[in-house]
Amino acid sequence: MKKIFMLLLLLPAVYGLTAQGYYQSYNHHDISVSYGLIIPDQFKQLKSKMLDGLYPQQLYVRDNYSSVGALFLTYRHIFRNDLYMWGITAGISSSVSKIYNVGQYEGDLERKFYSVAIEWEYRYYNHGPIQVYSGLGLGFTYGKETFTPNEVVQSSTGNISSVAYQLNVVGIRIGKRFGGFIEFGYGYKGILNLGFSTQLY
């Protein structure tokens, strides 16, 4: 009977130490910097009110597309169960292409996109230094485009606004407080997104 009584007295102390260890190891915040490749503008059909005004017949096409990718800074809050995260991200991407109208080279089109979005993430594997997750993002993209004609005339500018979204099919992060990650998805961060993050208390 005394052994049982002593065990009951020790249980709260053991539980308190365990809980204390859990809360000390729990990190609330994740801050990351990432670089995305193959952004949506590369696949979408070219739509431009500015170019529509210059070429009313809308027979223009673009070619020789190139992009420097997308650079993003992201903050996420980690929930206590360590499975769910939500936060905000902001980033910039740009591209350059050549515009042809009825087969004739007309000039260069430069585009810059600024995106802000809210993101949600779910970790379905979280063991040791390895985390596997999927997520969604939804926000707004503002773009600015500049067309520089082949001939010596004044360049034209225009604005582009659209809904920003990101479907992160699968992501893998390796590391605890500091770690690197790779994500595969589609949206404002591109099809392939690579980065580094730190998790803070």
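Residues numbered from 1 in each chain as written. Predicted model: local features only at pLDDT ≥ 70, side-chain atom pairs only at ≥ 80, totals over all residues. Heavy atoms only, no water.

(A) Broad picture of the layout of surface pockets. Each pocket or cavity is described by its volume, and for the largest pocket that value is around 390 Å³. Among the secondary structure elements, those contributing two or more residues to the lining of the largest pocket are strand 2 (60-78), strand 3 (84-101), strand 4 (104-127) and strand 6 (156-175). Partitioned by chemical class, the residues of the lining of the largest pocket number 11 nonpolar, 8 polar and 5 charged. (1 Å grid on protein atoms, 1.4 Å probe; cavity = no way out; pocket = protein on both sides within 12 Å on 5 of 7 lines; lining within 4 Å. Points joined across faces, edges and corners; volume = space filled by probe spheres on them. Helix = DSSP H or I, 4+ residues; strand = E, 2+ residues; numbered from the N terminus. Nonpolar A, V, L, I, M, F, W, Y, C, P; charged D, E, K, R; others polar.)

(B) Examining the pairing of strand 1 (residues 29-37) more closely. On strand 1, burial follows the alternation: D30, S32, S34 and G36 on one face are buried, whereas H29, I31, V33, Y35 and L37 on the facing-out side are not. Examined bridge by bridge, strand 1 and strand 2 share 8 bridges and lie antiparallel to one another. Bridged to S32 within strand 2 is T74. (Buried < 20%, exposed > 50% of the residue type's maximum accessible area, 1.4 Å probe, protein only. Pairing = 2+ DSSP bridges.)

(C) Examining the nonpolar core more closely. If you look at the biggest cluster of nonpolar residues, it comprises 8 residues: L46, M50, L51, Y55, Y60, I99, L109 and F147. Among all residues touching L109, those that are not within four sequence positions of it are L46, M50, L51, S95, V96, S97, I99, E145, T146 and F147. If you look at the next biggest cluster of nonpolar residues, it comprises 6 residues, including I39, F72, A117 and A164. (Core = buried A, V, L, I, M, F, W, Y, C linked by side-chain atoms within 4.5 Å. Contact = heavy atoms within 4.5 Å.)

(D) The arrangement of empty space enclosed by the protein in detail. Evaluation of the coordinates by the stated rule reveals 2 cavities of 30 Å³ or more. Put simply, the largest cavity is a space of about 80 Å³. Taken together, 13 residues make up the lining of the largest cavity; nearest its centre are R76, E119, G135, L136 and N168. Contributions of two or more residues to the lining of the largest cavity are made by strand 4, strand 5 (130-149) and strand 6.

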